Structures are given as C-alpha cells and as structure tokens.
Amino acid sequence: MGYDPSHTNFLKVYVGMPTMIPKLKTIMEDGITLPGLTDENGGAVRGSTTFQPFECNVPYVLRYMIDRDVTGAGWLSLPKGTYKLRKSENEKGTHCQIEADICYNEIIPRKPEGEWSKVAPLRILSFDIECQGRKGYFPEAEQDPVIQIANSLSVYGRNTGPIVQNVFTLKGCLPIVGAQVISSETEQDMLLKWRQFLHASDADILTGYNVQNFDIPYLLDRAEAIWGKKDPKLRTFTQWGRVKNAQTKKRETMFSSSAYGRRNNTETTIEGRVIFDMLPYMQRNHKLSSYSLNSVCAEFLNQQKEDVHHSIISDLQNGTDADRHRLAVYCIKDALLPQRLMDKLSVLINYVEMARVTGVPVSFLISRGQQIKVFSMILRKCRDENLLVPTLKKSGANNDDGYEGATVLDPIKSYYEVPIATLDFASLYPSIMQAYNLCYSTMISAKDATKIDPTKYKKSENGHTFVHSHVKKGILPTILEELLSARKRAKKDMKNAPNDFEKSVQNGRQLALKVSANSVYGFTGAGVGQLPCLPIASSVTSYGRFLLEKTKAYVEEHYTQANGYEHNAQVVYGDTDSVMVKFGTTTVADTFPLAIEAAEKCSAIFPDPILLEFEKVYYPYLLMNKKRYAGLMWTQKDKYDYMDTKGLETVRRDNCALVRDVIQTSLDKIIIERDVPGAIDYVKSQIADLLQNKMDISQLVITKI
DNA sequence: ATGATCGCCTAA
DNA sequence: TTAGTTAGGCGATCAT
Ligand SMILES: Nc1ccn([C@H]2C[C@H](O)[C@@H](COP(=O)(O)OP(=O)(O)OP(=O)(O)O)O2)c(=O)n1
C-alpha cells in the first residue's frame, strides 16, 4: 500500500479540551461542586469565559501511519466548543495558538482481530552505519567518514524475513550472498544513494540499535560537515520523510524519571516515519547487566555476532575489496539483528496494544513516561463525560513532604522448613480505587459532605470523602477497568502460551499493563505532574494499610486451635498487599485447602472488586529481612515450580559475580538440597580461596554504567 | 567507635 | 507541558 503524502499535510479539525477553564461543570445536586476538578484544589482559572469557537489547522496529526491506521492515537479531533485563542505577533504576522490540552486519542474502529497487519503492512527498516576512525562521536572530523550503511527492510506481519537486504559501501566490496552491495567512490555519493533508498523503501518504522542517539545524528551531522550548511545537496540529503521538502530535524532532549533513570537523548523528527530504537526499548523493558547488541542477542536470540574491533576497522576500510567485504558482512548482521529482536519479542504488537489502551502514539511509549499515558486516558474519558480538566499552575515546591505509603510487616526471620502460604491481593491499589470510587471527580470537601445524605458518600481511612459510584462513577475507576481487562487478556494469553519464550513475552506485556494501572494511582500522587491530588493517593495507601492489617488479623484470629484447627496460624511476614502465613501444616498438600479457604473468606469481607488470592506456597522458606527472602515456590501440590528470590544479592545488579555466584550456590544448597551444613562448608571454602588469592580477578569486577 | 545520611537498587 | 508512588536493605561516607 502506498502512502499518500497529502495526509501528512494539514488537516482541518476542531481542537478542544481547553486547559483554561472558565467554570467546571457542576454535577452534584445541592449545588455542590467537585473540588477535585476545580480551582479550589489548586486548579488555575485563567482567561475569560467567552471565546468564539473556531477551526484551526493542525500539522502532524497524521504524521505516523502506524497511529493513523493501527493505533488510532495521534489524532487531535475534538468536539466543537468554546476555546481560548492565544495570539502572538512576530515579523511574519499574527500567530495563533490554542490553549488546549491535546486529546491524542480518538479511537478509530478497529479492524477484526489479527487483520490489522494486513490493513497496514508496516514496513520496517532496520539499519546500521559503520564509521572509520576513532571510537566515539566525531562527525566533523576529516578522518572519520561514514564508510558503510547496511539496511534490512521487512514487512511486519509477514513471516518472510527481510524483503530487501543491502549495504552501501565507500569504495569497492566483494559481493555478498543474500545482500545487494552498492558501492560508491565518495562519501557524498553514498549518502545520497542511501537517502534515495530510504525513500524507495518508504519505511513506516526506522529501527536499529542506538540509531536514535548515534547513527541518525551522525548521518545528519556528517552530512552537514561534508557539504556545509549552505549546499543544496545537504537540503536534499536531509529530506528523509514523507512530506515533500520537509527537512529532518534533530534536537537534544533530557528525560529523567526514577524508573528509567536520567537520559540525554537526541530526538529526530522524520515526517511520516517513526524512529523506534531497540536499545532504549531494551533498557526500559528488560533488566540486564549489559545492553550491548551482542549480549542482548545472546540472551534473546541465542545468537552471537562476530565482533570486529574498532581499532582494525580503519585498516579493513583501507585494505582490499575482500577486507571491506568482511566489514560489510558484520555491518549487515548488525542491521538485521534489531529487526529480529523486534519480531521475536513481539514488540510492535504489544506496543500497539498499549498505544490503543492508553491513547498515546507509539513513539511516546519509548520517548515519554507513565504520566502522559494516564493523562491521555483521563482526557479521553473526560471528553466523553463532558468534564473539563484544569491546568494547574506551575506548582513550585508543591508538596514537599510526601505522604504515607504501604505497611511492611515485621518479618519473623527464620529458615522455615514447613510450608508458608502466600495470600496476595489482586491489583490492590487499582481495585481499591474501584471499590471505593476514588477519583478527582468523586471527591468532596468535608464541609460539603455535611450537606448531603450520608448514604451517598464514604470517608476514607485517612479522612477524605468520596461519593459512591451510584451517585457518580469516577473517571479513574473507569479507566482502571479498561486497563485491568486488557491485563486480564494478557494474562490469559500468557497462560496459553505455547512455549516458555512466548510465555515470558506475554508476561512482559501483562506486567507493562499492570504498571500502567498502578501508575494511575502514582499519577495522583506525583507532586510534579499535570494533576496531582494527594488526598486520592494517600487515601489509596491508607485503605491498603487497613486491608493488610485486617487480613493479618482475620487469619490469625480465625485459624486457631480454639476454632478447631490443628494449629494456630501465624503471619510471619507481609508487604503492602501480601501476607505469608504459617498454618502449622507440614506438607504442601495440607496447606493448599487452608490457604484457599482463607483467601475466599477474606475476600468475602471486603467490597468488590477487592480480591485476596492464594497464589503460592513457599517450602522451604528463608526469610532474611524485610524485602529479602528466598523460597521454593509451589503453585501446585505435587511439584515445585522454581526457587523464588526477592531482594537478595543474586537479583541485584550492583554486586560482583563472585558474590552472586556464592550466594546462588549456597541458596541452592539450603533451599533445594536442604543441606545447610553443606552450604556453610561451601562458603567457608570459597572464603579460603579468596583469601589465598585463588580467585579469578574477573569474578570481582563490579560493572557500573 | 558510632550513629546519621547518601547512593544504589529492589519490593511492592 | 520531561519526570507514576513509598518503603526499605546495605555498604560507603560523613559528622561527631
Ligand atoms: N510498580 C508498582 C508495583 C506495585 N505498586 C503498588 C500498587 C499495587 O497494587 C501494590 C501491590 O503490588 P503487587 O506487585 O503485588 O502487584 P498488584 O497487586 O498490583 O498486581 P498482582 O498482585 O495482581 O500481580 O503495590 C505500585 O504502586 N507500583
């Protein structure tokens, strides 16, 4: 399917969902407004109340075909309404801008399941460049030219592998089996030929490994260096997109979040093509000790790549056609691998789902964080319900001292050689928000509460008041319903996965949706954010603390000898939403029925959809400290699943290999073989070896970023 | 010597 | 319009 560039030009839409809000809709009887959405709670009411409706031209709406045809996100279409227009003057004339929150997410009807890839056969171009000279980023230097560009073009949803593989080389190169070799005598010629190929390939998605921060900017900077800013050839070269005459532009951005860390990125805009770099994808979605393409491929593709050390690249380039052939083979491999990773890990399918559920363009899923997703969902729902979302004032030093979080029960540290059952709330915080209808749109002030019928609201554990869902169902609970049902689908797919690898892919998908659901709660507690509302966040955690305490008390009071059970149950540990219970039973089989019953009985005393689940038994169980334990995990009566380790050195990445290995081996001895003396002997012998310098130094290396 | 604080990473 | 949340262990470093 060809791409019609006219779609990328300006599209006429109404833009809405203003952030400058004259007055919030009053939805309660008795004239009570909902402070969660008014200026009372920090919302800024700015601007006048009367503005004319108008139309405007919005560029970039259809920038990405993947969002136009597949996710439906990326639209700015909003209902006709009254919005504020901000005018500014400059030498070119009057410039108009709408003061509006962009609703990214008009959902387009989805094609039947499984057919979308036929509807939009996305073309993926994976590429890699090779530079001569020093390792590093020196595009201006004479001696550091781009010497090769390898490409692999494939069509998503067709399991045919790459439909085109080629390599552009500077100077001659021997033919390569399965790939086209296009040689140039000058770097300029090579770059222009590559740019021509890019257009011919008409890729929807550009991928590679670290292309975002290296290959793409290097090509652009290099082009500028060899042609100079003024040369029309530079203008030609940088037209990579689908809009005629549009230059590819890059800019430096900074992104820092506690989850993803601090990152400096180069963001490049190519009209009509999404840059989807596999390196940041890997860093965000997989916890690894090394993110080199080599180790990632070893892990996920069971494939090693031949490495050409950068110090000999120059010699090879200056050598014969056969030498350059060796380089090219290596380069092609590097271009192919990211695309294969993408395929194997179902990256696009999973990200398209996430984009659809949350209503943000796919590109945001790599370049932005959780806030934009939640905000986008809020805007979407609010638009449906005719609610307005305020723009809060830039809150300088807002809520300095945070709020109280979850309880972690004091562990009774021990090595338990009896079964310990784990009872766990399913999606605790999201289900709390649903059960108690916690939302911006349902919160009322204490003063207002006195004015209405007490059957209509409930005070949370820490004193904030929310109306019941029969009065007004909250926005956030509705959003959570959707997220959790998406997660349920993912969990089902995980259960039905044909093999372990597919299972782990589905597990990643399921976990990503879980994090997004938990981020709805996190969003309300994010002091630096678009719409913080600490009363909601702290109510959620206070309910959580309450539920955990109740559960512990119920189990310990109910499962007693006085009530006719063989032993008194004891909660030995618990964290946020789980309790570890020693029922006093000695076999896994005896523990199951008790645990199942306990979970059911507890669930019954809590409102829907709060659900306490019996998930697993640990037997044996080594409880070291808060957030540090290990145990053999049983989800079925007859055989254990694997050893589950939490918080111990073996699952941390800030240790040297020796520490990890020694602890892993001793844990194996203690928990699987149940040989404590053996473990002690082993550790002693290892220490002796260490003190006598018998250890390999590589075992002691701590790798830091 | 010893307790407070910081950096890092993880559990939830 | 950059950035979900709190709790908490453990080793290193600082302040006394
Ligand atoms: N990244 C996370 C993980 C957890 N939590 C909070 C909200 C969760 O509801 C609660 C319990 O976390 P769990 O890891 O047990 O996960 P859930 O209960 O949400 O899901 P499930 O137990 O169904 O896997 O802790 C959070 O805010 N952010």
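Residues numbered from 1 in each chain as written. Chains lettered and ligands numbered in written order. Predicted model: local features only at pLDDT ≥ 70, side-chain atom pairs only at ≥ 80, totals over all residues. Heavy atoms only, no water.

Trainee: What should I look at first to understand the environment of Tyr330 in this one?
Mentor: Its location among the elements puts Tyr330 in helix H9 (residues 321-344). Between the alpha carbons of Tyr330 and Val471 there is a distance of 65 Å; along the sequence they are 141 residues apart. With residues up to four places along the chain from it excluded, the contact list for Tyr330 reads Glu130, Lys305, Glu306, Asp307 and Val308. (Helix = DSSP H or I, 4+ residues; strand = E, 2+ residues; numbered from the N terminus. Contact = heavy atoms within 4.5 Å.)

Trainee: Would you mind showing me how to read the domain arrangement of chain A here?
Mentor: Often, the extent of an interface is quoted as the loss of accessible area upon association of its parts. Split into domains, chain A comes out as domain 1 (123-351), domain 2 (401-476 + 517-642) and domain 3 (649-700). Distance between the C-alpha centres of domain 2 and domain 3: 36 Å. Facing ten residues of domain 2, the contacting portion of domain 3 comprises seven residues. Taken over both partners, the interface formed by domain 2 and domain 3 buries close to 740 Å², and the fraction arising from carbon and sulfur atoms is 63%. (Domains from an automatic or database assignment. Buried area = accessible area lost by both parts, 1.4 Å probe.)

Trainee: Where do I start with unusual backbone geometry in this structure?
Mentor: Trans peptide bonds make up most of the peptide bonds, and negative phi angles are found at most residues other than glycine. Geometrically, the link from Asp608 to Pro609 is a cis peptide bond, its omega value of -5 degrees lying close to zero. Here Pro609 is to be found in the loop between helix H18 (588-605) and strand E20 (612-625). For the peptide bond that leads from Tyr619 to Pro620, omega is -5 degrees, which places it in the cis range. On the secondary structure map, Pro620 appears in strand E20. We note that Thr576 has phi near 65 degrees; this positive angle belongs to a residue other than glycine. Take Thr576: it is sitting in the loop between strand E18 (570-574) and strand E19 (578-582). Residue classification places Thr576 among the partly exposed residues on the basis of a relative accessible area of 24%. (Buried < 20%, exposed > 50% of the residue type's maximum accessible area, 1.4 Å probe, protein only.)

Trainee: What am I meant to see in the protein's contact with DNA strand B here?
Mentor: In the neighbourhood of DNA strand B, the contacting residues comprise Asp575, Thr576, Asp577, Lys627, Tyr629, Lys646, Gly647, Val651, Arg652, Arg653 and Asp654. Among the atoms of DNA strand B lying within 4 Å of the protein, the sugar-phosphate backbone contributes 86%. Contact distances for DNA strand B include 3.1 Å between a phosphate oxygen and a side-chain N or O atom of Lys646. Gly647 places a polar main-chain atom, nitrogen or oxygen, 2.8 Å from a phosphate oxygen of DNA strand B. (Near = heavy atom within 4 Å. Polar contact = N/O pair within 3.5 Å; in protein donor to acceptor, adjacent residues only side chain to side chain.)

Trainee: Would you take a moment to explain a nonpolar patch on the surface for this structure?
Mentor: Taken together, the side chains of Leu690, Ile697 and Leu700 define a hydrophobic patch exposed on the protein surface, amounting to about 260 Å² of accessible area. With respect to the helices and strands, the residue Leu700 is situated in the segment after helix H20 (676-691). (Patch = residues over 30% accessible without salt bridge, like charges linked within 9 Å, V, L, I, M, F, W, Y side chains within 5 Å. Areas by Shrake-Rupley, 256 points an atom, 1.4 Å probe, with all protein chains shown as cover. Salt bridge = Lys/Arg side-chain N within 4 Å of Asp/Glu carboxyl O.)

Trainee: Whenever I open this one, the state of the cysteines confuses me. Can you help?
Mentor: Working definition of a disulfide: a covalent bond connecting the sulfur atoms of two cysteines. Evaluation of the coordinates by the stated rule reveals zero disulfides. Cys173 takes part in no disulfide bond, and the closest cysteine sulfur, belonging to Cys331, lies 10 Å away. Relative accessible area serves as the criterion here: at 12%, Cys173 is assigned to the buried category. Sulfur of Cys533: no disulfide; nearest cysteine sulfur belongs to Cys439 and is 8.8 Å away. A relative accessible area of 2% means that Cys533 is categorised as buried. (Disulfide = S-S within 2.5 Å.)

Trainee: Teacher, can you tell me more about the side chain of Arg284 here?
Mentor: With respect to the helices and strands, the residue Arg284 is situated in helix H6 (residues 278-285). The side chain of Arg284 sits in the buried core without any salt bridge; Glu267 is the nearest counter-charge, 8.6 Å away. Polar contacts involving the side chain of Arg284 include one to the main-chain carbonyl oxygen of Leu365, which spans 3.2 Å. Look past the residues within four positions of Arg284 in its chain and what remains in contact with it is Phe255, Tyr260, Leu365, Ile366, Ser367 and Arg368. (Lys, Arg positive; Asp, Glu negative; His and termini not counted.)

Trainee: Got a minute to help me understand the packing of aromatic side chains in this structure?
Mentor: Any two aromatic rings considered together are summarised by their centre-to-centre distance and by the angle between their planes. Taken as a whole and judged by the stated rule, the model has 26 aromatic pairs. An aromatic cluster of at least three residues, connected via ring pairs, comprises Phe127, Trp194, Trp227, Phe237 and Trp240. When the ring centre of Tyr260 is taken as reference, the NZ or CZ atom of Arg284 above it lies at 4.0 Å. Its guanidinium or amino end placed over the ring of Tyr619, Arg674 lies 4.8 Å from that ring's centre, counting from NZ or CZ. (Phe/Tyr/Trp six-rings, centres within 6.5 Å; stacked < 30°, edge-to-face > 60°. Lys NZ or Arg CZ within 6 Å of the ring centre and 35° of its normal.)

Trainee: How should the sheet that holds strand E9 (residues 205-208) be read in this particular structure?
Mentor: Picture the strands of a sheet paired through backbone hydrogen bonds; they go either parallel or antiparallel. Taken in spatial order, the six strands of this open sheet run E8-E7-E6-E5-E9-E12, and their pairing is mixed. The open sheet has two edge strands, strand E8 (180-184) and strand E12 (274-277), and neither has a second partner. Neighbour-to-neighbour, the strand axes of the sheet open up by a mean angle of 20 degrees, direction not taken into account. Judged from the nine bridges that link them, strand E5 (residues 123-131) and strand E6 (residues 146-155) form a sheet pairing that is antiparallel. Each residue of the ladder has a partner; that of Phe127, found in E6, is Asn151. Contacts from H6 reach E9 and E12, with the element oriented near 55 degrees to E12. (Pairing = 2+ DSSP bridges. Axes fitted to C-alpha atoms, helices over the stretch in contact; angles between N-to-C directions.)

Trainee: Looking at this model, I keep getting lost on helix H8 (residues 310-317). Mind explaining?
Mentor: Helical geometry note: an α-helix holds 3.6 residues per turn, so side chains three or four residues apart project in the same direction. Burial in H8 covers these residues: Ile313, Leu316 and Gln317. Axial view of H8: buried residues confined to an arc of 90 degrees, hence all on one face. (Arc of directions from axis to C-beta.)

Trainee: When you look at the confidence of the model for chain A in this model, what are you seeing that I'm missing?
Mentor: Detailed conclusions should not be drawn from predicted coordinates in areas where pLDDT is low. Considering every residue of chain A, the mean pLDDT works out to 81; 79% of them sit at 70 or more. No element of chain A has a lower mean pLDDT than strand E1 (residues 11-13), which averages 27, and none a higher one than helix H13 (residues 428-435), which averages 98. Note that residues 1-63 has pLDDT below 50 and, in this model, 160 contacts with residues that lie over four places away or in other chains. Within the model, pLDDT remains below 50 along residues 74-88, and this stretch shows 64 contacts once partners closer than five positions in the same chain are excluded. Across the assembled chains, the prediction reports ipTM 0.97 with pTM 0.85. (pLDDT = per-residue confidence, 0-100.)

Trainee: It is not clear to me how the nonpolar core should be interpreted in this structure. Could you clarify?
Mentor: As a rule of thumb, soluble globular proteins bury nonpolar side chains together. Membership of the largest hydrophobic core comes to 107 residues, with the highest contact counts inside it found for Phe276, Met282, Leu423, Ile432 and Phe583. In contact with Phe583, other than residues within four places in its own chain, are Ala421, Val555, Tyr559, His567, Ala569, Thr591, Leu594, Ala595 and Ala598. Counting residues in each nonpolar core, the second largest holds 35 residues, with Cys131, Leu198, Ile270 and Ile275 among its members. (Core = buried A, V, L, I, M, F, W, Y, C linked by side-chain atoms within 4.5 Å.)

Trainee: What is the right way to look at the environment of Lys305 in this model?
Mentor: On the secondary structure map, Lys305 appears in the loop between helix H7 (293-300) and H8. A relative accessible area of 11% places Lys305 in the buried class. Expressed as a C-alpha distance, the spacing of Lys305 and Leu122, which sit 183 residues apart in the sequence, is 27 Å. The contacts of Lys305, once residues within four sequence positions are left out, are Leu293, Asn294, Tyr330, Lys333, Asp334 and Leu337.

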